[in-house]
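Residues per chain are reported as follows:
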Amino acid sequence: MKITEAYDRVKDLEWEPSYISEEEKCVETTKFFIKDAKPNDPFKTFVREYCEQELEKDERHYALLEASARLHTGEPDARWMEAMKFGLSNLVGVEYAAARAMGRMARTVAPVELRQGYMMQMLDEMRHSNLEMNIIRHHMRHWKDPAGYDMAAVANANSVGSSIFRSMTEDLMTSDPVETSIGLQVFIETGYTNPFFVGLSSSAAASGDDMMASTMMTIQSDEARHMANGWATLSCLLNDDRNIPLIQDAMDKWSWRIHTSFGTGVSLFNDYFVRKHTDSAKEMLNRWVMDDFYGGFYQKLEKFGIKPPKFLDQMISDLDWTSHTTAVYLFGAWPVFFHRYDALNDDDFEWFEKKYPGFYEHFGSFWEAYGQCKDPEDRKLVLKEMGGLPNFCQVCQRPTIFPRPDLARPRSMAFRGKNYICCSDGCEHIFRKDPEHYIGSKSFYDMYEGKNIADVTESLGYLREDGKTLMAQPELEPKRMWTIDDVRRCEYIIERPAMPPKSDLGDL
Ligand SMILES: [Fe+2]
Ligand SMILES: [Fe+2]
Ligand SMILES: [Zn+2]
């Protein structure tokens with residue numbers, strides 16, 4: 001039988017159940033016009049072939065992992081290994097959310113060819129979650145300090161920093177299911193997985209973490225099919241003119257949402273987790289996202305009437321500062337995280353200044369202060385010395401210090417009698433279009449206002465086995481590790497900062 005005939009046979013297995021109405025079957029509806037489209041099957045793979053392919057990849061990867069565990073190949077760089085406690089904790093959550101999103105899309109989006117692709121992608125995403133849980137397990141067993149890796153999955157759910165990624169994945173899973181394809185398959189997978197998985201794989205290799213490099217490469221080998229799913233969905237939508245304004249809205253929203261979440265992660269991980277630097281995150285993002293994705297893929301959509309994303313100029317200029325601002329947050333607020341990190345040294349300063357002219361002027365003082373607040377005997381928390389935590393954005397959940405603390409323009413607006421804060425024009429635009437979608441998340445201050453920061457660490461559970469010593473430390477090899485009592489004695493009480501000025505657009 002010809003392969004195309006076999007596909008048609010498989011598609012014939014689709015049936016319309018008589019015992020349930022269409023509304024009940026498709027739990028969630030879509031505002032897009034896609035039901036009667038006749039797309040090509042983007043995956044063009046049978047389940048049997050698919051499983052064989054993936055099994056072969058898994059066997060190769062897990063054999064390497066096993067060999068490395070036995071042979072103890074090399075000592076990876078400590079800065080990388082510590083920072084990846086945070087990195088992997090988030091990544092595994094994103095993959096799992098992608099699997100859930102695919103299942104949801106497969107129940108909703110009508111053409112069987114697309115649903116077939118989504119179902120296969122769901123299996124891929126489960127495979128990716130497993131791969132990442134396994135590298136966490138591998139690191140937990142072999143890295144000299146497992147504390148932090150042992151609770152990466154918990155931290156994904158409760159860390160304040162992870163809310164940057166959680167807010168993105170929760171938005172993906174609760175938006176219109178076709179919009180989810182645009183956010184996930186077009187922006188994340190087509191736009192950002194190259195700097196993420198390929199960039200991070202070379203960063204891992206440069207840091208001596210070959211097992212992580214192998215994990216990233218085997219994941220990336222599936223992404224081409226996910227991009228194909230995205231393109232198949234998008235081209236169906238583009239064929240119906242009624243969809244064009246809806247697509248434009250989704251493009252404006254998701255380009256910014258992914259820039260503030262996945263883009264923030266890519267910037268931070270590639271610039272700050274790596275000691276042996278190659279390309280900067282800005283160079284990677286310019287090459288893969290700005291040139292290849294926006295300059296290539298996205299530009300081809302213009303002939304269908306799709307305009308450049310509303311906040312593209314801001315996204316480009318943000319690349320100068322995103323990684324440094326994120327680092328100030330992640331490392332400044334170290335007691336509420338679960339990794340160790342050392343102060344930047346002269347070599348780092350030189351590299352950062354070369355890649356990001358003006359770096360030292362804007363971020364040098366933070367890193368000098370960080371280096372002076374590492375000894376628990378001094379009772380100094382860099383966070384307190386720098387004036388405490390700022391407000392957080394209701395949409396992207398980042399602190400309102402982006403793109404750079406002195407350039408940030410946080411603003412507030414009332415909705416149904418309560419004030420909400422947004423960090424930027426992009427997040428405000430998204431909030432105003434659909435405030436109900438975002439008002440549910442509690443802010444850091446709703447949960448912790450008035451508490452000593454030591455209470456926050458304790459309630460998050462980021463303590464070592466003795467119940468006293470922090471998982472996180474502001475140094476890689478401290479003479480004495482910080483305990484919860486050391487943190488408590490610094491007397492940093494969480495205070496809610498003043499409300500930022502009202503938005504120029506007023507209340508909702
Ligand atoms: Fe994935
Ligand atoms: Fe994917
Ligand atoms: Zn925001």
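Quick notes on the rules
Residues numbered from 1 in each chain as written. Chains lettered and ligands numbered in written order. Predicted model: local features only at pLDDT ≥ 70, side-chain atom pairs only at ≥ 80, totals over all residues. Helix = DSSP H or I, 4+ residues; strand = E, 2+ residues; numbered from the N terminus. Rg over C-alpha atoms; globule rule 2.2 N^0.38 Å. Buried ≥ 20, exposed ≤ 12 C-beta atoms within 10 Å, placed from the backbone. Contact = placed C-beta atoms within 7 Å. Axes fitted to C-alpha atoms, helices over the stretch in contact; angles between N-to-C directions. Parallel < 35°, antiparallel > 145°, perpendicular 65-115°, else oblique. Left-handed = near helix turned anticlockwise from the far one by under 90°. Nonpolar A, V, L, I, M, F, W, Y, C, P; charged D, E, K, R; others polar. Expected span 1.5 Å × (residues − 1). Bend = angle between axes of the 7 residues up to and from the residue. Pairing = 2+ DSSP bridges.

Looking up the chain in an unreviewed UniProt entry gives the name YHS domain-containing protein, with the organism given as Pseudomaricurvus hydrocarbonicus.

## Overview of the overall build of the chain
Along the chain, the regular secondary structure elements total 21 helices and two strands. A compact globule built from 508 residues would reach a C-alpha radius of gyration of about 23 Å, and the chain, at 23 Å, matches this within 12%. With 508 residues in all, the chain has 47% of them scored as buried. Taking the contacts inside the chain whose residues are at least 6 apart along the sequence as the reference set, 79% of them involve residues at least 24 apart.

## Overview of the packing of helix H8 (residues 177-206) against helix H11 (residues 262-272)
Orientation of H8 relative to H11, taken along the N-to-C sense of each, is 15 degrees, at an axis distance of 10 Å. For the element pair H8 / H11, the angle class is roughly parallel. Handedness of the H8/H11 crossing: left-handed. The residues of H11 that touch H8, namely those facing Ile188, Tyr192, Pro195, Phe196, Gly199, Leu200 and Ser203, are Phe262, Gly263, Val266, Phe269 and Asn270. Residues that form the contact of H8 with H11 fall into these classes: eight nonpolar, four polar and no charged.

## Remarks on unusual backbone geometry
Going from phenylalanine 402 to proline 403, the amide bond is cis rather than trans, its omega being 0 degrees. Here proline 403 is to be found in the loop between helix H17 (382-385) and strand S1 (411-415). Positive phi, normally seen in glycine, also occurs at glutamine 397, with a value near 65 degrees. As for its position among the elements, glutamine 397 is in the loop between H17 and S1. Classification of glutamine 397 by C-beta neighbours within 10 Å gives buried; the count is 25. Of note, the phi angle at arginine 416 is positive, near 50 degrees, even though the residue is not glycine. You can see arginine 416 is positioned in the loop between S1 and strand S2 (418-422).

## Re the packing of H11 against helix H14 (residues 322-332)
One can describe the packing of H11 onto H14 by two numbers: an axis separation of 8 Å at closest approach and a directional angle of 85 degrees. By the angle class used here, H11 and H14 are roughly perpendicular. Counting all contacts with H11, which are made through Gly263, Thr264, Ser267, Leu268, Asp271 and Tyr272, the residues of H14 involved are Thr322, Ser323, Thr326, Ala327 and Leu330. Within the contact of H11 with H14, the residues separate by chemical class into four nonpolar, six polar and one charged.

## A closer look at helix H9 (residues 210-238)
Under the 1.5 Å per step criterion, the end-to-end length of H9 is 42 Å for 29 residues, consistent within 8% with the ideal 42 Å. Approximately 30 degrees is the largest bend angle found in H9, and it occurs at aspartate 222.

## Describing the pairing of S2
Across five bridges, S1 lies against S2 in antiparallel orientation. Residue pairing for S2: methionine 413 is matched across the bridge by tyrosine 420.

## Brief notes about the environment of phenylalanine 311
Position of phenylalanine 311 among the secondary structure elements: in the loop between helix H12 (281-297) and helix H13 (312-318). Between the alpha carbons of phenylalanine 311 and aspartate 425 there is a distance of 8.1 Å; along the sequence they are 114 residues apart. Not counting the four nearest positions on each side in its chain, phenylalanine 311 is found in contact with Ser255, Trp256, Asp425 and Gly426.

## Focus on the environment of serine 443
Within the secondary structure, serine 443 sits in the loop between helix H18 (425-433) and helix H19 (444-448). For serine 443, a count of 18 C-beta atoms within 10 Å translates into the label partly exposed. In sequence terms serine 443 and tyrosine 420 are 23 residues apart; their C-alpha atoms lie 9.9 Å from each other.

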